[in-house]
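For reference, the chains in residue letters:
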Amino acid sequence: MTIELAPSILSANFARLGEDAKAALDGGGTLLHVDVMDGHFVPNITIGPLVASSLRKTLPSAILDCHLMIENPDDYIPAFAEAGASWISVHQEACVHLHRTVQLIHSHGCKPGVVLNPATPVHMVDEVLEMVHHVLVMSVNPGFGGQKFIRGALQKIKTLAELRESLGLSFRIEVDGGVALDTVGDIVRAGAELLVAGSAVFGKGDIRENAKKLLAAARAATLTRA
Ligand code: DX5
Ligand code: ZN
């Protein structure tokens, strides 16, 4: 299980997005987490396919991990795929026909992920675990960066890791919200491997150094994993 850092551009300076994103990748980030919000599914509006497309042009080899916090995601999946998204994840809570939506993402050549809000139990996605590339556990209520880590996410990560093992599946486990130096150890020990971090990377100080330190702390924690 390889630990990877996914800097969330939500906390970057959008007036210099390309430079900030590059700095985070220089610091060891291997995925760029792109938070898409529509002002309906979550109480905030962020970016659409145009920005994903600009990032794709500026960073041709970056893995763009697009996290759709929107209603009716099926309507936008083709546009994000066209814009250059590598991975697309959708919320279980936003998908009436989740199985179909996962297939749709796959059919557009992107790696499908499913996301669980803090109040959604893991078992709501049991039936798609064998179809998805990653399961994203929200450890804050989606909508904003800089919120406090919800510790109940740790048990969900453990449950997912156990399910993966017992079912012989290979989906990856991602966590999003409040990932920082003081939480990353417990998160990694619970079994998460893809670590989304916004304010801990872009919030203050040097972006490259922040990413480096967070990744080092995460890797160190793997040594104390049960
Ligand atoms: C929140 C977003 C997150 C956000 C995390 O709805 O999905 O990706 O950027 O921000 P931090 O790392 O600051 O909690
Ligand atoms: Zn996110």
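In this report, we go over the structure that sits alongside the text. Predicted model only: the values in this text are computed from it and were never measured.

## As for the pairing of strand 4 (residues 87-91)
Taking burial as the measure, the five residues of strand 4 include five buried ones, the bulk of the element. Of the crossover connections in this fold, the one passing from strand 3 (residues 64-69) over helix 3 (residues 77-83) to the parallel strand 4 is right-handed. As defined by bridge partners, strand 4 adjoins strand 5 (residues 111-116) across five bridges and the pair is classed as parallel. Each bridged residue has a counterpart across the sheet, and for Ser89 the counterpart in strand 5 is Gly113. This β-α-β element, strand 4 to helix 4 (residues 98-107) to strand 5, shows right-handed connectivity.

## As for the layout of surface pockets
Approximately 240 Å³ is the volume found for the largest pocket. Taken together, 25 residues make up the lining of the largest pocket; nearest its centre are Phe144, Gly145, Gly146, Asp176 and Gly177. Broken down by secondary-structure element, the contributors of at least two residues to the lining of the largest pocket are strand 2 (32-37), strand 3, strand 8 (194-197) and helix 7 (199-202). Residue composition of the lining of the largest pocket, grouped by class: twelve nonpolar, eleven polar and two charged. In this structure, the second largest pocket occupies an estimated 200 Å³ of space. Lining the second largest pocket, in full, are Leu181, Ser199, Ala200, Gly203, Lys204, Asn210, Lys213 and Leu214. Among the elements that take part in the lining of the second largest pocket, helix 8 (residues 207-222) stands out by supplying three residues, more than any other. Looking at side-chain class alone, the lining of the second largest pocket contains three nonpolar, three polar and two charged residues.

## Some points on the site of ligand 1
The local shell around ligand 1 holds 20 residues, among which Ser8, Asp35, Asp176, Gly198 and Ser199 are the closest. Backbone polar atom of Gly178 to an oxygen atom of ligand 1: 2.8 Å apart, as the coordinates give it. Within the backbone of Gly198, a nitrogen or oxygen atom sits 2.7 Å from an oxygen atom of ligand 1. Coverage of ligand 1 by the protein amounts to 99% of the 380 Å² it exposes when considered alone.

## Overview of the pairing of strand 7 (residues 172-176)
Buried residues dominate strand 7, accounting for five of its five residues. By the alternation rule, side chains of strand 7 split into Arg172, Glu174 and Asp176 and Ile173 and Val175, which are all buried. Judged from the five bridges that link them, strand 6 (residues 134-138) and strand 7 form a sheet pairing that is parallel. Bridge pairing in strand 7 places Met138 opposite Asp176. Tracing the backbone out of strand 6, into helix 5 (residues 152-167) and back to the parallel element strand 7 gives a crossover that is right-handed. Note that strand 7 and strand 8 share three bridges and pair parallel. Within strand 8, the position partnered with Glu174 by the bridge is Leu194. Note on the crossover from strand 7 through helix 6 (residues 184-190) to strand 8: the handedness is right-handed.

## Focus: helix 5
Relative to the 22 Å expected for 16 residues at 1.5 Å per residue, helix 5 spans 23 Å between its end C-alpha atoms, a close match to the ideal helical length. Those residues of helix 5 that fall on the buried side of the exposure criterion are Ala153, Leu154, Lys156, Ile157, Thr159, Leu160, Leu163 and Arg164. Note on helix 5: the residue one or two positions beyond its end, Gly168, has a positive phi of about 70°.

## Quick word on the coordination of the zinc ion (ligand 2)
Perfect tetrahedral coordination of a metal by four donors corresponds to 109.5 degrees between them, and perfect octahedral coordination by six donors corresponds to 90 or 180 degrees. Within the protein, the atoms that donate to the zinc ion (ligand 2) are His33 (NE2), Asp35 (OD), His67 (ND1) and Asp176 (OD), at distances of 2.0 to 2.3 Å. For the zinc ion (ligand 2), the six donor atoms are set out with angles of 70 to 169° between them, so the coordination reads as octahedral. Positions of the donor residues of the zinc ion (ligand 2) along the chain correspond to the pattern H-x1-D-x31-H-x108-D. Taken together, the positions of Asp35 in strand 2 and His67 in strand 3 put the pair 32 residues apart, joining distant regions of the chain. You'll find Asp35 and His67 in the same group, each marked buried.

## A word on the nonpolar core
Membership of the largest hydrophobic core comes to 66 residues, with the highest contact counts inside it found for Leu55, Ile187, Leu195 and Val201. Top element by residues in this core is helix 8. It accounts for six residues. Sequence-distant contacts of Leu55, defined by excluding residues within four places in its chain, comprise Ile9, Leu17, Ala21, Leu32, Val34 and Leu64.

The rules behind each value
- Residues numbered from 1 in each chain as written.
- Chains lettered and ligands numbered in written order.
- Predicted model: local features only at pLDDT ≥ 70, side-chain atom pairs only at ≥ 80, totals over all residues.
- Heavy atoms only, no water.
- Buried < 20%, exposed > 50% of the residue type's maximum accessible area, 1.4 Å probe, protein only.
- Helix = DSSP H or I, 4+ residues; strand = E, 2+ residues; numbered from the N terminus.
- Right-handed = clockwise from strand over helix to strand, strands pointing away.
- Pairing = 2+ DSSP bridges.
- 1 Å grid on protein atoms, 1.4 Å probe; cavity = no way out; pocket = protein on both sides within 12 Å on 5 of 7 lines; lining within 4 Å.
- Points joined across faces, edges and corners; volume = space filled by probe spheres on them.
- Nonpolar A, V, L, I, M, F, W, Y, C, P; charged D, E, K, R; others polar.
- Near = heavy atom within 4 Å.
- Polar contact = N/O pair within 3.5 Å; in protein donor to acceptor, adjacent residues only side chain to side chain.
- Areas by Shrake-Rupley, 256 points an atom, 1.4 Å probe, with all protein chains shown as cover.
- Expected span 1.5 Å × (residues − 1).
- Donors = N, O, S within 2.8 Å, 3.2 Å for Na, K, Ca; no water.
- Tetrahedral: all angles 85-135°; square planar, octahedral: opposite > 155°, others 65-115°.
- Core = buried A, V, L, I, M, F, W, Y, C linked by side-chain atoms within 4.5 Å.
- Contact = heavy atoms within 4.5 Å.

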